[in-house]
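Residues per chain are reported as follows:
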Amino acid sequence: MSTSTTTPDAPVIGVLALQGDVREHLAALAASGVQARPVRRPEELAEVTGLVIPGGESTTMSKLAVVFGLLEPLRERVRAGLPVYGTCAGMIMVADKILDGRDDQETIGGIDMIVRRNAFGRQNESFEAEVDIQGIEGGPVEGVFIRAPWVESVGGEAEVLATYGGHTVAVRQGNVLATSFHPELTGDHRVHALFVDIVRAAS
């Protein structure tokens with residue numbers, strides 16, 4: 001695993017710490033040379049210049065975002081241009097529309113796409129696969145797919161960055177990035193580095 005020295009002027013990037021694999025994202029961001037911190041409250045959200053929404057359970061995450069008073073502040077920050085990177089459940093959270101979601105499930109939005117929950121199968125159907133991502137050099141990344149969604153369709157402003165098995169698994173729209181898979185579980189920090197570049201460019 002690569003290491004990186006954080007400088008005092010490094011961007012502050014938060015990880016939404018309501019549920020999911022928060023620690024792994026914090027480590028990947030720190031290795032990418034930024035200040036990484038958990039975000040659980042609106043005042044913590046106000047202090048970051050970028051945010052990662054981790055994998056986990058999207059319905060639970062959306063409910064907790066409401067409980068912690070974060071849902072509307074998140075939507076406002078995304079509309080204002082906050083860079084956000086969503087992985088797996090995080091991809092669902094930044095989708096404008098969901099298929100196979102609960103009727104009361106809320107999203108933050110940010111990418112004009114329709115995402116299907118658990119599209120690649122249940123927990124026991126999890127797998128790893130090499131994924132070529134547009135804009136990332138050095139060959140394919142190893143994607144860890146755990147109850148992963150895929151993107152059914154994207155709007156005109158969304159850019160497909162990667163597909164697997166004929167399905168879209170990485171998308172970007174402006175400052176918002178999303179992947180179906182978990183790069184934080186592999187020790188390869190190139191996707192996080194791409195997001196850090198987005199944060200730096202935005203600020």
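Residues numbered from 1 in each chain as written. Predicted model: local features only at pLDDT ≥ 70, side-chain atom pairs only at ≥ 80, totals over all residues. Heavy atoms only, no water.

## Describing the nonpolar core
As a rule of thumb, nonpolar side chains are buried together in soluble globular proteins.
For step 1, the next point in the chain: Counting 31 residues, the largest nonpolar core has Leu45, Leu51, Ile53, Val84, Val94, Ile111 and Met113 as its most contacted members.
For step 2, the next point in the chain: Those elements that place two or more of their residues in this core are strand S1 (12-16), strand S3 (50-53), helix H3 (58-67), helix H4 (71-79), helix H5 (89-93), strand S6 (111-116) and strand S12 (176-179).
For step 3, the next point in the chain: Looking at which element gives the most residues to this core, the answer is H5, with four residues.
For step 4, the next point in the chain: Apart from residues no more than four positions distant in its own chain, Met113 is found in contact with Met91, Val94, Ala95, Asp96, Lys97, Val151, Ser153, Val154, Val171 and Ala178.
For step 5, the next point in the chain: One finds Ala17, Ala129, Leu161 and Val191 within the second-largest nonpolar core, a separate group that totals 29 residues. (Core = buried A, V, L, I, M, F, W, Y, C linked by side-chain atoms within 4.5 Å. Buried < 20%, exposed > 50% of the residue type's maximum accessible area, 1.4 Å probe, protein only. Helix = DSSP H or I, 4+ residues; strand = E, 2+ residues; numbered from the N terminus. Contact = heavy atoms within 4.5 Å.)

## Let's talk about a negative patch on the surface
For step 1, the next point in the chain: Taken together, the side chains of Glu128, Glu130, Asp132 and Glu142 define an acidic patch exposed on the protein surface.
For step 2, the next point in the chain: Accessibility expressed as a relative area gives 53% for Glu128, which makes it exposed. (Patch = residues over 30% accessible without salt bridge, like charges linked within 9 Å, V, L, I, M, F, W, Y side chains within 5 Å. Areas by Shrake-Rupley, 256 points an atom, 1.4 Å probe, with all protein chains shown as cover. Salt bridge = Lys/Arg side-chain N within 4 Å of Asp/Glu carboxyl O. Lys, Arg positive; Asp, Glu negative; His and termini not counted. Charge placed at Lys NZ, Arg CZ, Asp CG, Glu CD.)

## Things to note about H4
For step 1, the next point in the chain: All of the buried residues along H4 are Leu71, Leu74, Arg75 and Val78. Taken down its axis, H4 places every buried residue within 100 degrees of arc, on the same side.
For step 2, the next point in the chain: Those residues of H4 that are buried lie in contact with S1, helix H2 (42-45), S3, H3, strand S4 (84-87) and S12.
For step 3, the next point in the chain: Positive backbone phi, at 110 degrees, marks Gly81, one or two positions downstream of H4. (Arc of directions from axis to C-beta.)

## Examining the packing of aromatic side chains
For step 1, the next point in the chain: In this structure the tally under the stated criterion is nine aromatic pairs.
For step 2, the next point in the chain: Ring centres of Phe120 and Phe127 lie 5.7 Å apart, and the angle between their planes is 65 degrees; on these two criteria the pair is classed as edge-to-face.
For step 3, the next point in the chain: Judged by relative accessible area, Phe127 falls into the partly exposed class, the value being 24%.
For step 4, the next point in the chain: Ring centres of Phe120 and Trp150 lie 5.0 Å apart, and the angle between their planes is 85 degrees; on these two criteria the pair is classed as edge-to-face. Taken together, the residues Phe120 in the loop between S6 and strand S7 (127-131) and Trp150 in strand S9 (residues 150-154) connect sequence positions 30 residues apart.
For step 5, the next point in the chain: Overall, the relative accessible area of 15% leaves Phe120 in the buried class.
For step 6, the next point in the chain: For Trp150, a relative accessible area of 15% translates into the label buried.
For step 7, the next point in the chain: Put simply, the rings of Phe120, Phe127, Phe145, Trp150, Tyr164 and Phe181 touch in pairs and so form one group of aromatic residues. (Phe/Tyr/Trp six-rings, centres within 6.5 Å; stacked < 30°, edge-to-face > 60°.)

## Notes on the side chain of Glu184
For step 1, the next point in the chain: Secondary-structure assignment places Glu184 in the loop between S12 and helix H6 (190-202).
For step 2, the next point in the chain: It turns out Glu184 is buried and unbridged, and the closest side chain with the opposite charge, Arg23, is 11 Å from it.
For step 3, the next point in the chain: There is a polar contact of 3.3 Å between the side chain of Glu184 and the side chain of His25.
For step 4, the next point in the chain: Filtering out sequence-adjacent residues up to four positions away, Glu184 remains in contact with Asp21, Glu24, His25, Thr87 and His192. (Polar contact = N/O pair within 3.5 Å; in protein donor to acceptor, adjacent residues only side chain to side chain.)

## Some details on the pattern of salt bridges
For step 1, the next point in the chain: Within the structure shown, the criterion is met by seven salt bridges.
For step 2, the next point in the chain: For Glu106, the salt bridge identified is with Arg75, shortest N-O distance 2.7 Å. Pair noted here: Glu106 is in the loop between strand S5 (95-99) and S6 and Arg75 is in helix H4, with a separation of 31 residues, a long-range link.
For step 3, the next point in the chain: The exposure class of Glu106 is partly exposed, given its relative accessible area of 33%.
For step 4, the next point in the chain: Through salt bridges with shared partners, a single network forms among Glu57, Arg117 and Arg147.

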